[in-house]
Amino acid sequence: MPRHKTLKSVARSIADSFISGLNYRDDDYVMGHLVVAAQRTKSSVLEVDLLSGESRPAELLSPPVLESIESYRCRFKDLVTRSQSDPGFVASAQMRIDFDLTKTKRVRNFGRGTPQSPYRCTVTIADDRGRKYSASVTSWWSPGLTRRDVSLWSRIRNLWSAI
């Protein structure tokens, strides 16, 4: 029997997944694309409707970010069902990512100093009874390394160890 209270775990799962290293598009992690755009444009908030896929502001919505948002929108109902709930219970589902652009710290990655920005990713799901289920993840993100960089350094390390 479908339950409402598992919507809390759906919110947590989406927040954790969206900011994770598994959310990789094009040549960087989606959070890397977002933090670069946020630092460049000074737009510090991304808002996403997980049911419709509508997102704003446009200056943060590069093709890799839009592709990722569409992927989450397409999988949302399935995630709700797999969590033993019912998509019909969901009245709204919002994701909001806030970057604090007034704070940065530099982290050295492979000899490069890359600026990190703190962020908070909050997913809020409202059910058909008016109850809200929310989960937040707070951390720092740097656009720093890409898979290509890691691959290059792996090859250099392997060459060096063969000598």
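Residues numbered from 1 in each chain as written. Predicted model: local features only at pLDDT ≥ 70, side-chain atom pairs only at ≥ 80, totals over all residues. Heavy atoms only, no water.

Undergrad: Help me understand the overall build of the protein, please; the structure alone is not making it clear to me.
TA: Of regular secondary structure, the protein possesses four helices and eight strands. Ordering the α and β elements of the protein from the N terminus gives α-β-β-α-β-β-α-β-β-β-β-α. Across the 163 residues of the protein, 42% fall into the buried class. Relative to all contacts within the protein whose residues are 6 or more apart in sequence, the contacts with residues 24 or more apart total 64%. (Helix = DSSP H or I, 4+ residues; strand = E, 2+ residues; numbered from the N terminus. Buried < 20%, exposed > 50% of the residue type's maximum accessible area, 1.4 Å probe, protein only. Contact = heavy atoms within 4.5 Å.)

Undergrad: Help me out: how do you make sense of the pattern of salt bridges in this one?
TA: Pairing between side chains becomes possible if they bear opposite charge and their charged atoms approach one another. According to the stated counting rule, one finds nine salt bridges in the structure shown. Glu47 is the partner of Arg56 in a salt bridge, and the nearest nitrogen-oxygen pair spans 2.6 Å. Accessibility expressed as a relative area gives 53% for Arg56, which makes it exposed. For Glu47, a relative accessible area of 23% gives the class partly exposed. Across the pair Asp78 and Arg82 runs a salt bridge whose closest N-O atoms are separated by 2.9 Å. Of this pair, Asp78 and Arg82 are both found in helix 3 (residues 63-82), four residues apart, which corresponds to roughly one turn of the helix. Look at the salt bridges and you will find they share partners, linking Glu47, Arg56, Arg96 and Asp98 into a network. (Salt bridge = Lys/Arg side-chain N within 4 Å of Asp/Glu carboxyl O.)

Undergrad: When you look at helix 2 (residues 30-41) in this model, what are you seeing that I'm missing?
TA: A turn of α-helix holds 3.6 residues, and therefore any two residues three or four places apart point the same way. Its 12 residues place the ends of helix 2 16 Å apart at the C-alpha level, agreeing with the 16 Å of an ideal helix rising 1.5 Å per residue. Of all the positions in helix 2, only Val30, Met31, Gly32, His33, Leu34, Val35, Ala37 and Ala38 are classed as buried. Of the residues flanking the end of helix 2, it is Lys42, one or two places downstream, whose phi is positive at about 65 degrees. (Expected span 1.5 Å × (residues − 1).)

Undergrad: In this structure, what is going on with the nonpolar core? I would like to understand it.
TA: Soluble globular proteins tend to pack their nonpolar side chains together in the buried interior. Counting 38 residues, the largest nonpolar core has Ile14, Phe18, Met31, Leu34, Leu50, Phe76 and Ile125 as its most contacted members. Mapped by element, the contributors of at least two residues to this core are helix 1 (7-18), helix 2, strand 3 (45-49), helix 3, strand 5 (90-99), strand 7 (112-127) and strand 8 (132-141). Excluding residues that lie within four positions of it along the chain, Leu34 makes contacts with Phe18, Leu46, Leu60, Val65, Ile97 and Phe99. (Core = buried A, V, L, I, M, F, W, Y, C linked by side-chain atoms within 4.5 Å.)

Undergrad: Looking at this structure, I do not really get the packing of aromatic side chains. What am I missing?
TA: When we look at a pair of aromatic rings, we describe it by the centre distance and by the angle of the planes. Scanning the model with the defined rule gives four aromatic pairs in all. Seen from their ring centres, Tyr29 and Trp141 are 6.0 Å apart, and the 75 degrees between their planes marks the pair as edge-to-face. Separated by 112 residues along the polypeptide, Tyr29 in strand 2 (residues 28-29) and Trp141 in strand 8 bring together distant segments of the chain. Ring centres of Phe99 and Tyr119 lie 6.3 Å apart, and the angle between their planes is 55 degrees; this geometry places the pair in the tilted category. Taken as a pair, Phe99 in strand 5 and Tyr119 in strand 7 lie far apart in primary sequence, 20 residues in all. Take Phe99 and Tyr119: they sit in the same class, and that class is buried. (Phe/Tyr/Trp six-rings, centres within 6.5 Å; stacked < 30°, edge-to-face > 60°.)

Undergrad: What is the right way to look at the environment of Ile125 in this model?
TA: Relative to the elements of secondary structure, Ile125 occurs in strand 7. Residue Ile125 is classed as buried on the basis of its relative accessible area, which comes to 0%. Considering only alpha carbons, one finds Ile125 and Lys8, 117 residues apart in sequence, at a separation of 7.7 Å. Apart from the residues within four sequence positions on either side, Ile125 is in contact with Leu7, Val10, Ala11, Phe76, Val90, Ser92, Ala93, Arg131, Lys132 and Tyr133.

Undergrad: Looking at this structure, I do not really get the side chain of Asp127. What am I missing?
TA: Within the fold, Asp127 resides in strand 7. One polar contact links Asp127 to Tyr133, side chain to side chain, over a distance of 3.0 Å. Apart from residues no more than four positions distant in its own chain, Asp127 is found in contact with His4, Leu7, Phe89, Ala91 and Tyr133. (Polar contact = N/O pair within 3.5 Å; in protein donor to acceptor, adjacent residues only side chain to side chain.)

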